[in-house]
Amino acid sequence: MRLLVAALESEVVAFPAELDGFDRLITGPGKLPAAVNLTRALSAADYEEIVVVGTAGCIDPLLQGDLHEIAGAIQHDVTDPDGVVGQHLSLPARVGHDREGVVIATGDSFVDDAETVKLIRSLGAGLVDMETYAYFWVAAEFGVPIRVLKAVSDNAQDDAMTDWDAAVTACSHILRERIRSDYGV
């Protein structure tokens with residue numbers, strides 16, 4: 001059995017309520033709800049794989065308007081005692097897979113302005129969200145393979161929240177098609 005994970009119900013609106021071979025978990029937005037709720041789910045059952053689906057803001061123009069499999073995650077809203085942005089006091093700077101690919105920057109705020117995008121982009125990320133770092137961290141702690149698929153919902157600036165509200169349903173349909181294609185369900 002696999003676990004299908006999304007932060008928000010709206011991100012899986014295109015998915016059927018029951019998906020053969022998958023349990024479903026909606027964690028809520030942000031790193032803490034993502035970590036707590038995924039930990040609860042993994043403590044209650046054994047899964048062969050975690051499959052995360054959701055939306056992300058695009059901060060790299062080359063990634064605009066697509067669906068991306070995420071290789072790693074960083075945190076953009078932490079600073080170590082030396083003032084280094086993106087470095088946590090006790091957590092690794094990057095979590096995820098040991099391969100090249102799209103890196104997502106996770107933080108507990110919705111990114112929607114050019115200055116914040118510029119800062120996050122300088123950390124090496126191409127997308128932003130509010131949960132992926134936590135999902136990768138918890139999966140690694142439990143030793144469960146994880147796959148993260150993110151559909152680009154907005155450009156993380158210039159009224160991104162308005163754009164995101166309008167785009168989330170379209171992203172859900174793109175994610176649903178990818179799950180159907182990859183898993184045959």
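Because the structure is a prediction, the values reported are computed rather than measured.

K.L.:
Give me the lowdown on the overall build of the protein, citing residues and values where you can.
P.N.:
Across its full length, the protein holds 4 helices and 8 strands. Of the regular secondary structure in the protein, the N- to C-terminal order runs β-β-α-β-β-β-β-α-β-α-β-α. Burial status across the protein gives 50% buried among its 185 residues. Within the protein, contacts between residues separated by at least 24 positions form 71% of all contacts whose residues are at least 6 apart in sequence.

K.L.:
Tell me about the packing of aromatic side chains, and please be specific about residues and values.
P.N.:
Applying the stated criterion to the full structure yields 1 aromatic pair. Their ring planes at 90 degrees and their centres at 5.4 Å tell us that Phe 22 and Tyr 183 sit as a pair that is edge-to-face. Separated by 161 residues along the polypeptide, Phe 22 in strand β2 (residues 22-26) and Tyr 183 in helix α4 (residues 160-183) bring together distant segments of the chain. Pair check on accessibility: Phe 22 and Tyr 183 agree, each one buried.

K.L.:
A description of the nonpolar core should follow, citing residues and the corresponding values.
P.N.:
Among the nonpolar cores identified, the biggest contains 30 residues, and Leu 38, Ile 50 and Leu 127 are the most heavily contacted of them. Sorting the residues of this core by element identifies β1 (2-6), α1 (31-44), β3 (49-58), β4 (67-75), β6 (102-106), α3 (132-142) and β8 (146-154) as the ones contributing at least two each. Excluding its chain neighbours within four sequence positions, the residues that come into contact with Ile 50 are Leu 3, Val 5, Leu 38, Leu 42, Ala 139, Val 144, Pro 145, Ile 146 and Arg 147. Grouped together as the second largest cluster of nonpolar side chains are 15 residues, Phe 15, Val 53, Cys 171 and Tyr 183 included.

K.L.:
For the environment of Pro 33, give the residues involved together with the corresponding values.
P.N.:
Its place among the elements puts Pro 33 in helix α1. A residue is classified by how much of its surface remains accessible, and Pro 33, at 30% relative accessible area, is partly exposed. Residues in contact with Pro 33, not counting those within four places in the same chain, are Thr 27 and Gly 28.

K.L.:
Describe in detail the side chain of Arg 176, supporting the description with residues and values.
P.N.:
As for its placement among the helices and strands, Arg 176 is situated in helix α4. Nearest to the buried, unbridged Arg 176 among oppositely charged side chains is Glu 177, at 6.1 Å. For Arg 176, the residues in contact, after removing those within four places along its chain, are Ala 14, Phe 15, Pro 16, Leu 19 and Val 185.

K.L.:
So what about the environment of Phe 22? Which residues, and what values?
P.N.:
Judged by its relative accessible area of 7%, Phe 22 falls in the buried class. Taking the C-alpha atoms as reference, Phe 22 lies 9.7 Å from Val 5; in sequence the two are 17 residues apart.

K.L.:
Give me the packing of α1 against α3: which residues, what numbers.
P.N.:
Following both chains from N to C, one finds α1 and α3 inclined at 30 degrees, their axes separated by 9 Å at the closest point. On the basis of the axis angle, α1 is roughly parallel to α3. In the packing of α1 onto α3, the handedness of the crossing is right-handed. Taken together, the residues of α3 that come into contact with α1 (itself represented by Lys 31, Ala 34, Ala 35, Leu 38, Thr 39, Leu 42 and Ser 43) are Ala 134, Tyr 135, Val 138 and Phe 142. Partitioned by chemical class, the residues of the contact of α1 with α3 number 8 nonpolar, 2 polar and 1 charged.

K.L.:
So what about α3? Which residues, and what values?
P.N.:
Every buried residue belonging to α3 is among Thr 132, Tyr 133, Ala 134, Tyr 135, Phe 136, Val 138 and Ala 139, and all of these are buried. Positive backbone phi, approximately 70 degrees, marks Gly 143, located one or two places after α3.

What counts, and where the lines are drawn
Residues numbered from 1 in each chain as written. Predicted model: local features only at pLDDT ≥ 70, side-chain atom pairs only at ≥ 80, totals over all residues. Heavy atoms only, no water. Helix = DSSP H or I, 4+ residues; strand = E, 2+ residues; numbered from the N terminus. Buried < 20%, exposed > 50% of the residue type's maximum accessible area, 1.4 Å probe, protein only. Contact = heavy atoms within 4.5 Å. Phe/Tyr/Trp six-rings, centres within 6.5 Å; stacked < 30°, edge-to-face > 60°. Core = buried A, V, L, I, M, F, W, Y, C linked by side-chain atoms within 4.5 Å. Lys, Arg positive; Asp, Glu negative; His and termini not counted. Salt bridge = Lys/Arg side-chain N within 4 Å of Asp/Glu carboxyl O. Axes fitted to C-alpha atoms, helices over the stretch in contact; angles between N-to-C directions. Parallel < 35°, antiparallel > 145°, perpendicular 65-115°, else oblique. Left-handed = near helix turned anticlockwise from the far one by under 90°. Nonpolar A, V, L, I, M, F, W, Y, C, P; charged D, E, K, R; others polar.

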